[in-house]
Amino acid sequence: MSDVDTKHTISSIRLTPGGPVAALRAEASSAWEAAVGHRFVTELFAGTVDDSVMRKYLIQDYQFFESFLSMLGACVAYGDAVGPKLRFAKQLGFLEADEDSYFLTAFAEVGVPATDYADPQLTGPTEGFRDLMYEAVDSASYADLLVVLVIAEWLYLDWGERLEPMPVRRVHSGWIELHRGEDFRAWVQFLIDELERVFPTGEDAESAAVRDRLSRIWHRAVELELAFFDEAYVQG
């Protein structure tokens, strides 16, 4: 992994000062900054990611599509109010219309046949993060689901909003565009606001146990995101 580069990164997200999400973000700052400023991100904006690295990255990332759909569906099922349920249902439509279309176009651009991305061997980070996503679904806990979703989306918004020129090739610029802009920023802000709303604040033992669990999930998710970037450069 190259030196971490975050000098062109901004943060447009609003956090409650002293709130639970700000605390979780600060606790995992080292791994978070390493992921946001990763070599892959720097090369992505420069348009210099080797096609072999891009192929591996995209094939592995595509394996989250089904589990991500399951997480959004679980949020529709386990959310505690109609408004949030409808917001998650709306996001399900976005994934089909925009994100899946990007993957299919990108696979064609870098020469990945359908047989290579349909059912590939998973790397350790891919398997680990997918397991984490399904664990959140199986938990039937809205808070658990939100923690994983916040990591998966906010960390990408953080690097997606770098103040740098866009690369020329669509395979690079398209991936950046999916993780920036007003709509994506509003989606991430919604997830964070929801997590802050449902985060347990009680002094009882049960609330403390839930906070500990959510903190463990947060740290595990950030470490897996960083490992996922690293894995794209592992040959063999």
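Refer to the preceding data block for the structure.
Bear in mind the structure is a predicted one, so any value in this text is a computation, not a measurement.

What follows deals with the packing of aromatic side chains. Evaluated as defined, the whole model comprises 26 aromatic pairs. A ring pair is formed by Tyr-62 and Phe-65, whose centres lie 6.0 Å apart and whose planes are at 20°; its orientation type is stacked. Across the pair, Phe-65 and Tyr-62 agree in class, each one buried. Measuring from ring centre to ring centre gives 5.4 Å for Tyr-62 and Phe-107, while their planes differ by 90°; the resulting arrangement is edge-to-face. Placement of Tyr-62 in helix H4 (residues 51–62) and of Phe-107 in helix H6 (residues 82–109) is noted, with a sequence separation of 45 residues between them. Look at Tyr-62 and you get buried, because its relative accessible area is 16%. For Phe-107, a relative accessible area of 1% translates into the label buried. Above the ring of Phe-190, the side-chain terminus of Arg-87 is found at 5.8 Å from the ring centroid.

The subject of this paragraph is the pattern of salt bridges. Enumeration over the complete set of coordinates arrives at 12 salt bridges. A salt bridge links Asp-144 to Arg-213, with the nearest nitrogen and oxygen atoms 2.8 Å apart. One end of the pair, Asp-144, is in helix H9 (residues 142–160); the other, Arg-213, is in helix H12 (residues 205–231), and 69 residues separate them in sequence. A relative accessible area of 5% places Asp-144 in the buried class. For Glu-194, the salt bridge identified is with Arg-197, shortest N-O distance 2.9 Å. With Glu-194 and Arg-197 both in helix H11 (residues 182–198) and three residues apart, this pair spans about one turn of that helix. Within the structure, one salt-bridge network assembled from shared partners comprises Asp-51, Glu-109 and Arg-169.

All right, on to the environment of Val-234 then. Examined against the element boundaries, Val-234 turns out to sit in the segment after H12. Residues Val-234 and Val-53 lie 181 residues apart in sequence; the distance between their C-alpha atoms is 8.7 Å.

Let's shift gears to the nonpolar core. If you look at the biggest cluster of nonpolar residues, it comprises 80 residues, and the most contacted ones within it are Phe-88, Trp-154, Trp-159 and Trp-218. Ranked by residue count, the leading element in this core is H9, at 15 residues. Ignoring sequence-local partners within four residues, the contact set of Trp-218 consists of Val-21, Leu-24, Arg-25, Ala-28, Trp-32, Val-147, Val-150, Ile-151, Trp-154 and Leu-195.

Quick look at the packing of helix H1 (residues 20–27) against H11 now. For the pair H1 and H11, the least separation of the axes is 8 Å and the interaxial angle reads 110°. One way to sum up the angle between H1 and H11 is to call them roughly perpendicular. Between H1 and H11, the contacting residues are Pro-20, Val-21 and Ala-22 on the first element and Ile-192, Leu-195 and Glu-196 on the second. Across the contact of H1 with H11, the residue classes tally to five nonpolar, no polar and one charged.

The rules we used
- Residues numbered from 1 in each chain as written.
- Predicted model: local features only at pLDDT ≥ 70, side-chain atom pairs only at ≥ 80, totals over all residues.
- Heavy atoms only, no water.
- Phe/Tyr/Trp six-rings, centres within 6.5 Å; stacked < 30°, edge-to-face > 60°.
- Buried < 20%, exposed > 50% of the residue type's maximum accessible area, 1.4 Å probe, protein only.
- Helix = DSSP H or I, 4+ residues; strand = E, 2+ residues; numbered from the N terminus.
- Lys NZ or Arg CZ within 6 Å of the ring centre and 35° of its normal.
- Salt bridge = Lys/Arg side-chain N within 4 Å of Asp/Glu carboxyl O.
- Core = buried A, V, L, I, M, F, W, Y, C linked by side-chain atoms within 4.5 Å.
- Contact = heavy atoms within 4.5 Å.
- Axes fitted to C-alpha atoms, helices over the stretch in contact; angles between N-to-C directions.
- Parallel < 35°, antiparallel > 145°, perpendicular 65-115°, else oblique.
- Nonpolar A, V, L, I, M, F, W, Y, C, P; charged D, E, K, R; others polar.

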